[in-house]
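One letter stands for each residue in the lines below.
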Amino acid sequence: LQVVKLCAGCGPGGLNLWVAARDAPGDFAWGLEVETNATNTNDGMINMNTIKALDASLNSYPAFKTCNDMGNGWYLPSLNELDALYNSRNTLGHFSEDYYDGDYWTSTEKNMNQSWYQGFYDGIQHDYGYNNGHGDKYFQLRVRCVRRVE
């Protein structure tokens, strides 16, 4: 039994999302530094399916694998879905807001070397160097998985 919380209107087109009540244990790399075309900013499920088409095992994409391993329908949220979680963080609870450990991956790729993530200590979607809002895919960051309410 997984403990989840409801995030009303956090999904694409205002869909409701189930959100894991806690971060996945550990920190994870986004994945290989290759262009994946997982660039959807609104729908993380589309990005998950794009990555699965490249690597069905998801072994080369640890952040995605972590969510997939939670069960059918779980995925890494997109750029805008994660921002909606940030905006609902006080209701959802248990997000790290620590400056040194409060960065969360999105499923949205920026380019072959970088993907978007969001700091929950400031709400900004950015990278460690604060240049153009993207993070190197090999960085080990937090993951919070979501699933659509059916």
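Rules of the game
Residues numbered from 1 in each chain as written. Predicted model: local features only at pLDDT ≥ 70, side-chain atom pairs only at ≥ 80, totals over all residues. Heavy atoms only, no water. Helix = DSSP H or I, 4+ residues; strand = E, 2+ residues; numbered from the N terminus. Rg over C-alpha atoms; globule rule 2.2 N^0.38 Å. Buried < 20%, exposed > 50% of the residue type's maximum accessible area, 1.4 Å probe, protein only. Areas by Shrake-Rupley, 256 points an atom, 1.4 Å probe, with all protein chains shown as cover. Contact = heavy atoms within 4.5 Å. Core = buried A, V, L, I, M, F, W, Y, C linked by side-chain atoms within 4.5 Å. Pairing = 2+ DSSP bridges. Axes fitted to C-alpha atoms, helices over the stretch in contact; angles between N-to-C directions. Salt bridge = Lys/Arg side-chain N within 4 Å of Asp/Glu carboxyl O. Patch = residues over 30% accessible without salt bridge, like charges linked within 9 Å, V, L, I, M, F, W, Y side chains within 5 Å.

Peer 1: So, the overall build of the protein: which residues are in play, and what are the values?
Peer 2: Within the protein one finds four helices and six strands. Reading the secondary structure of the protein in the N-to-C direction produces β-β-α-α-α-α-β-β-β-β. For the protein, the C-alpha radius of gyration of 14 Å lies close to 15 Å, the compact-globule estimate for 150 residues. By its C-alpha atoms, the protein is 35 × 35 × 30 Å across when sized along the principal axes. Within the protein, buried positions represent 50% of all 150 residues. Total accessible area on the protein stands at roughly 7000 Å², and carbon and sulfur atoms take up 48% of it.

Peer 1: Go over the environment of isoleucine 124, please, and point to the residues and values.
Peer 2: On the secondary structure map, isoleucine 124 appears in the loop between strand E4 (114-119) and strand E5 (135-136). Spatially, the C-alpha atoms of isoleucine 124 and serine 57 are 31 Å apart, while their sequence positions differ by 67 residues. Every residue in contact with isoleucine 124, bar those within four places of it in the chain, is listed here: Tyr117, Gln118 and Gly119.

Peer 1: Can you explain the nonpolar core? Please cite residues and give values.
Peer 2: Nonpolar side chains in soluble globular proteins generally cluster together in the buried interior. Within the largest apolar cluster, 35 residues are counted, with the highest numbers of intra-cluster contacts made by Phe64, Leu76, Leu85, Trp105 and Val143. Counting residues per element, the ones that place at least two in this core are strand E2 (17-20), helix H1 (44-54), helix H2 (62-68), helix H3 (79-87) and strand E3 (103-109). Here this core gets four residues from one element, more than from any other, and that element is H3.

Peer 1: Give me the lowdown on the sheet that holds E2, citing residues and values where you can.
Peer 2: Strand order in the open sheet formed by three strands is E1-E2-E6, and the pairing between neighbours is antiparallel. The open sheet has two edge strands, strand E1 (4-7) and strand E6 (146-148), and neither has a second partner. The mean inter-strand angle of the sheet, taken between neighbouring strand axes irrespective of direction, is 30°. As judged from the three bridges shared by E2 and E6, these two strands associate in the antiparallel manner. Looking at the pairing, leucine 17 lines up with arginine 148 of E6.

Peer 1: Which residues make up the pattern of salt bridges, and what values do they have?
Peer 2: Counted under the stated rule, the structure contains seven salt bridges. Across the pair aspartate 43 and arginine 148 runs a salt bridge whose closest N-O atoms are separated by 2.3 Å. One end of the pair, aspartate 43, is in the loop between E2 and H1; the other, arginine 148, is in strand E6, and 105 residues separate them in sequence. For the salt bridge of aspartate 69 with lysine 65, the shortest nitrogen-to-oxygen distance reads 3.3 Å. Here the salt bridges share partners, and the residues they tie into one network are Asp23, Asp101, Arg142 and Arg144.

Peer 1: I'd like a rundown of a nonpolar patch on the surface, residues and numbers included.
Peer 2: There is a patch of nonpolar side chains on the surface, built from Leu6, Trp18 and Val149 and spanning about 230 Å² of accessible area. Assignment of secondary structure puts valine 149 in the segment after E6.

Any functional reading would require information that these geometric values do not contain.
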